Amino acid sequence: MKTLIVDDERLARNELRRLLDNFPKIEVIGEAANADEALKLIDDLQPELLFLDIQMPGKNGFELLSAIDGKSPEVIFTTAYDEYAITAFEYNALDYLLKPIELNRLSEAINRIEENSHAPETEAPRRDTNKVLGENDQVFVKDGEKCWFVKLGKVRLFESMGNYVRLHFDDQKPLVLKSLNSLEDRLDPNTFFRANRKHIINLPWIDKIEPWFSGGLLVTLKGGDKIEISRRQAIRFKELMSL
């Protein structure tokens, strides 16, 4: 994968290049110390991936992305500051690596490239905080000191916890400060179904469906979670799933 490193610190570029030597699939084809240099190299070399610092002299990393004409490369942000993470998510970044970059985190970020490789090509990213989110969209999740970029298709269950929602994906269960109702308004109803007052389930994760008390249903998700679909929602569920 043709890769460009954009960072105003020479030592940071050298260290990242050294770490990337561990990944044969990544071919570093150039380096840039600022956005103007990067824009010229992007035009000349057509990289498929950017490792992009955010704070740089002149244009910052976000302004660089906004200045790209046509299809934007995939982006992994590299920065010493965590306060830009939500904005990075809005620019559809694959990942957000905090300096100093650790090899295991870099490996996780590069693995995301393969997950994203079959997604449709897109034009340069534009911020849209009101669009309906589907299974191929990524969200930024921060719980305490831990941060994740999560593709929504990997989230099998959203669970209401008062003023918070717990996301269930892989072996993680972080909390986000958001109500289940507001989250439901953002999620694609063809993929994410409101099972009851406390749960939204990811339909492709359903492994088993059983009749339950009072006309409801009990679904078992891949991974073992058992969620009751209320009687009222069971009617909608059957219509949606053509049962």
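Before any of the text, the structure's been laid out above.
About the cut-offs
- Residues numbered from 1 in each chain as written.
- Predicted model: local features only at pLDDT ≥ 70, side-chain atom pairs only at ≥ 80, totals over all residues.
- Heavy atoms only, no water.
- Phe/Tyr/Trp six-rings, centres within 6.5 Å; stacked < 30°, edge-to-face > 60°.
- Helix = DSSP H or I, 4+ residues; strand = E, 2+ residues; numbered from the N terminus.
- Buried < 20%, exposed > 50% of the residue type's maximum accessible area, 1.4 Å probe, protein only.
- 1 Å grid on protein atoms, 1.4 Å probe; cavity = no way out; pocket = protein on both sides within 12 Å on 5 of 7 lines; lining within 4 Å.
- Points joined across faces, edges and corners; volume = space filled by probe spheres on them.
- Nonpolar A, V, L, I, M, F, W, Y, C, P; charged D, E, K, R; others polar.
- Domains from an automatic or database assignment.
- Pairing = 2+ DSSP bridges.
- Axes fitted to C-alpha atoms, helices over the stretch in contact; angles between N-to-C directions.
- Core = buried A, V, L, I, M, F, W, Y, C linked by side-chain atoms within 4.5 Å.
- Contact = heavy atoms within 4.5 Å.
- Right-handed = clockwise from strand over helix to strand, strands pointing away.
- Polar contact = N/O pair within 3.5 Å; in protein donor to acceptor, adjacent residues only side chain to side chain.

A.B. asks: Give me the lowdown on the packing of aromatic side chains, citing residues and values where you can.
C.D. replies: Inspection of the entire model under this criterion finds six aromatic pairs. Note on Trp-148 and Phe-169: the rings are 5.9 Å apart at their centroids and 85 degrees apart in plane angle, and the pair reads as edge-to-face. With Trp-148 in strand S7 (residues 146-151) and Phe-169 in strand S9 (residues 164-169), this residue pair connects regions lying 21 residues apart in the sequence. Assessed through its relative accessible area of 3%, Phe-169 is described here as buried.

A.B. asks: Please give an account of the layout of surface pockets that cites residues and values.
C.D. replies: Volume-wise, the second largest pocket comes out at about 620 Å³. Along the wall of the second largest pocket there are 26 residues; nearest its centre are Asp-95, Arg-105, Glu-108, Cys-147 and Trp-148. Residue assignment for the lining of the second largest pocket shows that the elements contributing at least two residues are strand S5 (95-98), helix H5 (103-116), strand S6 (138-143) and S7. For the lining of the second largest pocket, the class distribution of residues is 11 nonpolar, two polar and 13 charged. Each of domain 1 (2-117) and domain 2 (138-241) gives at least three residues to the lining of the second largest pocket.

A.B. asks: Mind laying out the sheet that holds strand S15 (residues 226-229), listing which residues take part and the relevant values?
C.D. replies: Here three strands make up an open sheet; going across it, the order is S13-S14-S15 and the pairing antiparallel. Bordering the open sheet on either side are strand S13 (206-211) and S15, each of which pairs with just one other strand. Recorded for the sheet is a direction-independent mean angle of 25 degrees between the axes of neighbouring strands. Of the strand pairs in this sheet, strand S14 (residues 217-221) and S15 are connected by four bridges, and their pairing is antiparallel. The residue of S15 that forms the bridge with Leu-217 is Ile-229.

A.B. asks: So what's going on with the nonpolar core? Which residues, and what values?
C.D. replies: A general tendency of soluble globular proteins is for nonpolar side chains to be buried together. Grouped together as the largest cluster of nonpolar side chains are 24 residues, with contacts concentrated most on Val-6, Leu-52, Leu-65, Phe-77 and Tyr-96. If we ignore the near neighbours within four places in the chain, the residues touching Phe-77 are Leu-52, Ile-54, Phe-62, Leu-65, Ala-88, Ala-93, Asp-95, Tyr-96 and Leu-97. Counting 17 residues, the second-largest nonpolar core is a separate cluster that includes Val-139, Val-155, Leu-167 and Leu-187.

A.B. asks: Outline the pairing of strand S1 (residues 2-6), supporting the account with residue identities and numerical values.
C.D. replies: The element S1 is extensively covered by neighbouring structure, given that four of its five residues are classed as buried. As defined by bridge partners, S1 adjoins strand S2 (residues 27-32) across five bridges and the pair is classed as parallel. The residue of S2 that forms the bridge with Leu-4 is Gly-30. Between S1 and its parallel partner S2, the chain crosses via helix H1 (residues 10-20), and the hand of that crossover is right-handed.

A.B. asks: A description of the sheet that holds S5 should follow, citing residues and the corresponding values.
C.D. replies: Pairing in this open sheet of five strands is parallel, and the strands run S2-S1-S3-S4-S5 from one edge to the other. The strands lining the two open edges of the sheet, one partner per strand, are S2 and S5. Strand-to-strand twist of the sheet, defined as the mean angle between neighbouring strand axes without regard to direction, takes the value 20 degrees. Across the sheet, H1 lies against S1, S2, strand S3 (49-52) and strand S4 (74-79), angled at about 175 degrees from S2, the strand it touches most.

A.B. asks: I'd like a rundown of the side chain of Asn-202, residues and numbers included.
C.D. replies: Within the fold, Asn-202 resides in strand S12 (residues 199-202). The class for Asn-202 is buried, based on a relative accessible area of 1%. In terms of polar contacts, Asn-202 uses its side chain to reach the backbone carbonyl oxygen of Gly-153, at 3.3 Å. When neighbours within four sequence positions are excluded, Asn-202 is seen to be in contact with Leu-152, Gly-153, Val-155, Arg-156, Thr-191 and Phe-192.

A.B. asks: Please provide a residue-by-residue account of unusual backbone geometry, values included.
C.D. replies: Note that the residue after Lys-99, namely Pro-100, is joined by a cis bond; omega there is -5 degrees. Backbone geometry places Gln-46, a non-glycine residue, at a positive phi of 50 degrees. Inspection of the secondary structure puts Gln-46 in the loop between helix H2 (35-45) and S3.

A.B. asks: So, the pairing of S6: which residues are in play, and what are the values?
C.D. replies: Sheet topology note: the S6/S7 ladder contains six bridges and is antiparallel. Its bridge partner lying in S7, Lys-142 is registered against Cys-147. Two successive antiparallel strands, S6 and S7, enclose a turn made up of two residues, where Gly-144 displays a positive phi of approximately 65 degrees.

In short, the description is geometric, and any link to function would need to be established separately.
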